[in-house]
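Analysis of the macromolecular model
Next come the chains, spelled out residue by residue.
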Amino acid sequence: MKKLQMFLRMVGKAFKERKSRVAIAFFAIVVGVGIIASLFSVYYDISIKMSEELRVYGANLVLAPDSQTSNKEMNIKELNKVVNKFDKDKLVGYRPNLYGVVKAKTKGVLDVKKPVVLVGTWFDQVDQVNPYWKVEGELLANKKVDDEVVLGKEAAKKLGYDIGDTLTILSEKTGKQKELIVSGIITTGNEADNQVFVNLTLAQELLGKTNKINVAYFSVLGQGLRPKVKQINKTVDGIELETIKKIASSEGKVLKKIKSLMYLVVMIILLSTLLCVSTTMMTIVTERKEEIGLKKALGAENSNIIIEFLTEAAILGGIGGLVGYGIGFLGAQAIGQSVFDSYISFRIMVVPASFILAVLVSCLASIIPVRMVVDIDPAVVLKGE
Amino acid sequence: MGLITLENVSKIYGEDVRALDNVSLDIEEGEWVSIMGPSGSGKSTMLNLIGCMDTPSKGAVKIDSIDISELDKKELTKVRREKIGLVFQQFHLVPYLTAVENVMVAQYYHSMAEEEEARQALERVGLGHRGDHLPKELSGGEQQRVCIARALINYPKLILADEPTGNLDKENENIVLDLFNELHDQGHTIMMVTHDPKVGQLAERQINLDHGKLKDKPQISEDKELVS
Amino acid sequence: MFLRIIRRSLTKGLKSKLLAIIAIAFGASLATAMLSVSLNIGDKVNNELKSYGSNIVVEPVSESLPVKINGVNFNPITQNQDYIPEDDITKIKMIFWRHNIVNLAPYLEITAQLSNNRKVAVVGTWFDRKTRIPTGEKFNFGVKYLKSWWDIEGNWIKNGDNKGLALVGREIAEASNLSPGDELRLEFNINNQTVTKKIKVQGIIDSGGEEEGKIYLPLNILQQITGLEDKVAKIEVSALTTPVNDLARKAQQDPNALSDEEFEKWYCTAYVSSIAYQIEEVIPDVVAQEVRQISQSEGVILNKIKLLMFLVTIAALISSGLGISSIMTTKVLERRKEIGLLKAIGSSNWGVIALFITEISLLGILGGVLGYGLGIGFANLIGQQVFGTAISVKLLVMPIILILSVVVALLGSISPLRIALKLEPAEVLHG
């Protein structure tokens, strides 16, 4: 017991009385581990976070009636069936569309009716499915509204309407006519700019296609959608769910590159930081040559010296590693908040990893110089300066 | 057979640098011997050999009947630990340990760390009341006395001192030399390396080295009684 | 004498300083690698994002409103369609931002009928066509590059001029039971006359997009069939752009509302709106529009990645800064005795400071140069592994790294130097 007590006393005092040296080494370990821990935390989340960010491109799945169906229509019930197959937290949004051709009057010109494409849809999830739409005015948030219309930019321009105007559309198929107030104009840069949008129910009524839709777009999180899509196609009849390759495969490619980039960057930072911490600790140990020589002169074996230094290093590394992890985790949150506006998840694995890393580096960095000195004759160390 | 025996000992570096050249001598138990000579005479080399910090190139060095010439580092350390107490010119105390702890360090590597015993050792050198001070809080003389206490703690056969008063002022030098006298009276074997003839003459016997060789036959100093 | 001391300290004392140089070199290499990658990342990721397809669409100015659902024309009245002369296409590769034009493809679309009376959209385009622009340079343009996500069962069409080959959308292929190698009959109604053309299916397109309902022919074949030689109805362009900011948004509303200075700045920045504007400048009577799904989204993503890399670079700089300064701190502390000695033999504080500053600056430069070289190596490793291309070395980085290395090394030395100078020589020498 007495021997252990003395051992602990020596190790403890080595910390207490050499405060400035210990502080430098401790600081180096804390900051080094902190940076490594924070970057690793970010790295582990990067796929999920970037995947969420890439939803800014909009829909990556499209639902349509299967190729057997000739009239390209499906019942809205099918949509609900498919929606229920997705996990709520993975389904970012979905939007059904019903298309038809109607006639609209050009503003101010009596009785000139031009054919336009009418799209019946739901506007509540446009932010999720088509976040890139530029909206002037307002979309129809309420699905029940049946007296308002949203125009594509080109449609508005060429028909001559602006927000607040009243537009009459006539469906030749059902003979129904409706007056609608223009509540919003959208700019997309694609076909939608030429189209006229109303609530789905109204379109179904005007086109005489109750409960029918032509297509639905989904924005879904996650990689590896193919097996999920395959499974849904097997279990729900009459429809076909497809990945919009333009979005989905590009997302895959981009994510892969970003992950690869982060990995390499983190590895290089890891290597560099470890080396910096190691060289700092090596220098500190080299300073204690005299002490090592003295102890050997007093009869210490090489193993005694090595164990003493290893214990000091392990304690320094252990505490430094834990504190470093704490700071690193906070740093990761700072990065997460500024770039992704969200929290980086706590991965239990990083804690012991940081701890072990710090202890290992600390021990290795101490042992290498100690091993170099420990075999020297004490006489050399004690006589020389 | 003496406590320490050197039989035709040589220490050769490189081709022909002879730090010690065919030296033979005996030191009996209880003797106080001083090794003297100018710089480069081989004093340090002899000290290192007898202190089990080095082995001879030729010849045999026997400490308490053990021939250390053939021992490996680990065995050398063992002999040093058990038989020799070292006192250095530069003191060499662990700067972050107190006086009593510095003495305990020597105990620790030997057997057990007994604080009571360490304090007693400090008492014997007149520093019982300074045990909890750090080396930087002690005067040169006090530090050296701590070293002596440390050297004694494991009941060594030989006290080996390298210029023990080299870094001390006159007053502290006298205190330390008085201590050595006391130890000699108590029967300890002391070997002291020094370049200062006044200090050297305090010993019973002076061994003079010059260029690695013994300069003259070991003689008993006639002036011993006068100097004390 | 001063120089002598410096020289000695560097030649004889180099071994002990080696550790310091190594630490400085590693710190500098990390900083170099991160800075180089950060400065390049925008371009590299921008290039990757081009796999999402075209971000600008060029169409003739038209009064009429197209009535198309999934490309099939539902307008019974054949209106006078406007076209873009095919010769004008290459002018796009001549605008101010020509180096940002990554690829393009023209389209001419017409509704035809299959043998089962099913109406289908037939598109004439370039697949993978070596095109010569007025400067004499040649580029490979076509949908093969624009639509990288098309999954082709069968083969692509290379330099398809005059070949009666087609890529058929999956939906059409399934409905008509077509496989690569099959022959297909298309019926066109040109000027109230039925024109039939037999084409061979070269490949089937699987994309999950509207292409699956269309048939793609070489442009000049369709031009011949329809009598619309040298005419195209639409051009899709994929350009490298700078993410939008307030200036870009203001310009988008109305370029004429910008002040002269603002206009110059906007024109000379590769915003999607300024590239579109420049296309409208070189081709008369067209409207060039951004495809918001691509152009807006890539801006968002690019900005996020740049921000992420910026923060990571800061972390790296902190790490290397601390590594360098902590080793300098220990190295200077270790030389307390030397400092005490210098003072004991009569040097003034400033004399010691001057000596150390010179030594440390030299160490910093040495380590910095080594680190820079190593760092460029790391940066290129990243570039090659991730993007398959080299990192372009910006000359700016080298002086920055050298200055930073020296400054950080000096900063790390200040504290210990001050402590060491305060000590009395006697204290230090007898310790």
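Residues numbered from 1 in each chain as written. Chains lettered and ligands numbered in written order. Predicted model: local features only at pLDDT ≥ 70, side-chain atom pairs only at ≥ 80, totals over all residues.

**Thoughts on the overall build of chain B**
This is how the line gets drawn: Comment: elements are numbered from the N terminus, with helices defined as DSSP H or I runs of at least four residues and strands as E runs of at least two. Our radius of gyration looks at C-alpha atoms and nothing else; its globule reference is 2.2 Å times the residue count to the power 0.38. Each residue is classed by its C-beta neighbour count within 10 Å, where at least 20 other C-beta atoms makes it buried, 12 or fewer makes it exposed, and intermediate counts make it partly exposed; the C-beta atoms are placed from backbone geometry. Note that contacts rest on C-beta atoms placed from the backbone: two residues are in contact if these are within 7 Å.
Scanning chain B from terminus to terminus reveals 8 helices and 11 strands. Its C-alpha atoms give chain B a radius of gyration of 17 Å, within 12% of the compact-globule value 17 Å for 228 residues. Dimensions along the principal axes, computed over C-alpha positions, put chain B at roughly 50 × 45 × 30 Å. Residues counted as buried form 48% of the 228 residues belonging to chain B. For chain B, the proportion of contacts with a sequence separation of at least 24, taken over those separated by at least 6, is 66%.

**Re the overall build of chain C**
For chain C, the count of helices and strands is 13 helices and 16 strands. Against the globule reference of 22 Å for 431 residues, chain C gives a C-alpha radius of gyration of 33 Å, more extended than a compact globule. Seen through its principal axes, chain C has C-alpha atoms that stretch 110 × 50 × 35 Å. The burial tally for chain C puts 47% of its 431 residues in the buried class.

**A word on the interface of chain B and chain A**
A common way to express how large an interface is: the accessible area buried when the components associate. Our working rule: Under this grouping Gly is polar, as are all residues other than the nonpolar Ala, Val, Leu, Ile, Met, Phe, Trp, Tyr, Cys and Pro and the charged Asp, Glu, Lys and Arg.
Listed by partner, the interface residues are 24 residues for chain B and 25 residues for chain A. Contributions of two or more residues to the side of chain B that touches chain A are made by helix H1 (43–50), helix H2 (73–83) and helix H3 (99–110) of chain B. Of the residues in the side of chain B that touches chain A, the class split is 13 nonpolar, 5 polar and 6 charged.

**Quick notes on the domain arrangement of chain C**
The following threshold applies: Domain segmentation is taken from an automatic or database assignment of domains.
Partitioning chain C into domains gives domain 1 (2–46 + 300–430) and domain 2 (55–290). Averaged C-alpha coordinates put domain 1 of chain C and domain 2 of chain C at centres separated by 55 Å.

**Let's talk about the sheet that holds strand S5 (residues 66–67) of chain B**
Residues and elements named next belong to chain B. As a reminder of what qualifies: For two strands to count as paired, DSSP must find a minimum of two bridges between them.
In spatial order, the strands read S2-S1-S4-S5; together these 4 strands make up an open sheet with antiparallel pairing. Strands with a single pairing partner mark the edges of an open sheet, and in this sheet they are strand S2 (17–27) and S5. Strand direction decides the pairing type here: strand S1 (residues 4–13) and S2, joined by 7 bridges, are antiparallel. Following the sheet pairing, Ile12 is matched in S2 by Arg18.

**Observations regarding the packing of helix H5 (residues 140–152) of chain B against helix H6 (residues 170–185) of chain B**
All names here are of chain B. Let me state the cut-off plainly: Working convention: axes come from line fits to C-alpha atoms, limited for helices to the stretch in contact. Angles between N-to-C directions cover 0 to 180 degrees. Any angle between 65 and 115 degrees counts as roughly perpendicular, while under 35 counts as roughly parallel, over 145 as roughly antiparallel, and the rest as oblique. For any pair of crossing helices, the crossing counts as left-handed if the nearer helix is rotated counterclockwise from the farther one by less than a right angle, and right-handed if it is rotated clockwise.
At their nearest, the axes of H5 and H6 sit 9 Å apart, and the two run at 20° to each other. One finds that H5 runs roughly parallel with respect to H6. Remark: the crossing between H5 and H6 carries right-handed chirality. Contact residues: H5 offers Gly140, Gly141, Gln144, Arg145 and Ile148, while H6 offers Asn172, Ile175, Val176 and Leu179. Along the lines of polarity and charge, the residues of the contact of H5 with H6 split into 4 nonpolar, 4 polar and 1 charged.

**A word on the interface of chain C and chain A**
In this complex, chain C contributes 64 residues to the contact, which on the side of chain A involves 65 residues. For the side of chain C that touches chain A, the elements supplying multiple residues, two or more each, are helix H2 (14–49), strand S2 (68–69), helix H4 (170–175), strand S16 (286–290), helix H9 (292–334) and helix H11 (349–387) of chain C. When residues of the side of chain C that touches chain A are assigned to their parent elements, the largest contribution, 25 residues, is made by H9 of chain C. Broken down by class, the residue content of the side of chain C that touches chain A amounts to 34 nonpolar, 19 polar and 11 charged.

**A word on the confidence of the model for chain C**
All names here are of chain C. We count it as follows: Across the chain, each position has a pLDDT score giving the predictor's confidence in that residue, from 0 to 100.
Across chain C, pLDDT averages 87, with 94% of residues at or above 70. Across chain C, the element-wise mean pLDDT spans from 59 in helix H13 (residues 425–430) up to 96 in strand S15 (residues 234–239). As a predicted assembly, this complex carries a pTM of 0.82 together with an ipTM value of 0.87.

**Concerning the environment of Val380 of chain A**
Residue and element names in this part refer to chain A. Tracing the backbone through its elements, the reader meets Val380 in helix H12 (residues 378–383). Looking at Val380, the number of C-beta atoms within 10 Å reads 14, which means it is partly exposed. Distance in space between the C-alpha atoms of Val380 and Leu357 is 35 Å, their sequence separation being 23 residues.

**Focus on the pairing of strand S3 (residues 32–36) of chain B**
Every other side chain in a regular strand lies on the same face of the sheet, so the side chains alternate between the two faces. Residue and element names in this part refer to chain B. Across the 5 residues that make up S3, a large majority, 5, are buried. Side chains of S3 alternate between two faces, with Trp32, Ser34 and Met36 and Val33 and Ile35 buried alike. Pairing of S3 with strand S8 (residues 189–194) involves 5 bridges; the strand directions are parallel. Counterpart to Trp32 in the pairing with S8 is Ile190. As defined by bridge partners, S3 adjoins strand S9 (residues 205–210) across 4 bridges and the pair is classed as parallel. Paired with Met36 across the strands is Asn208, a residue of S9.

**Quick word on H2 of chain B**
Along H2 of chain B, the residues classified as buried are Thr77, Arg80, Arg81 and Lys83 of chain B. Those residues of H2 of chain B hidden inside the fold are in contact with helix H9 (289–297) of chain A together with strand S4 (58–63), strand S6 (84–87), H3 and strand S7 (158–162) of chain B.

**Focus on the nonpolar core**
The condition that has to hold: Nonpolar cores are built from buried Ala, Val, Leu, Ile, Met, Phe, Trp, Tyr and Cys residues. These are joined into a set through C-beta atoms within 7 Å.
If you look at the biggest cluster of nonpolar residues, it comprises 307 residues, and the most contacted ones within it are Val196 of chain A together with Val103 of chain B. Considering every element that reaches this core, the biggest residue donor is helix H8 (residues 245–286) of chain A, with 18 residues.

**Description of the packing of helix H6 (residues 246–253) of chain C against helix H7 (residues 260–267) of chain C**
Residue and element names in this part refer to chain C. Running from N to C, H6 and H7 cross one another at 105°; their axes reach a closest spacing of 10 Å. In terms of axis orientation, H6 runs roughly perpendicular to H7. Facing H6, whose interface residues are Leu247, Ala248 and Ala251, H7 presents Glu262, Lys265 and Trp266. Looking at the contact of H6 with H7 residue by residue, the class counts come to 4 nonpolar, no polar and 2 charged.

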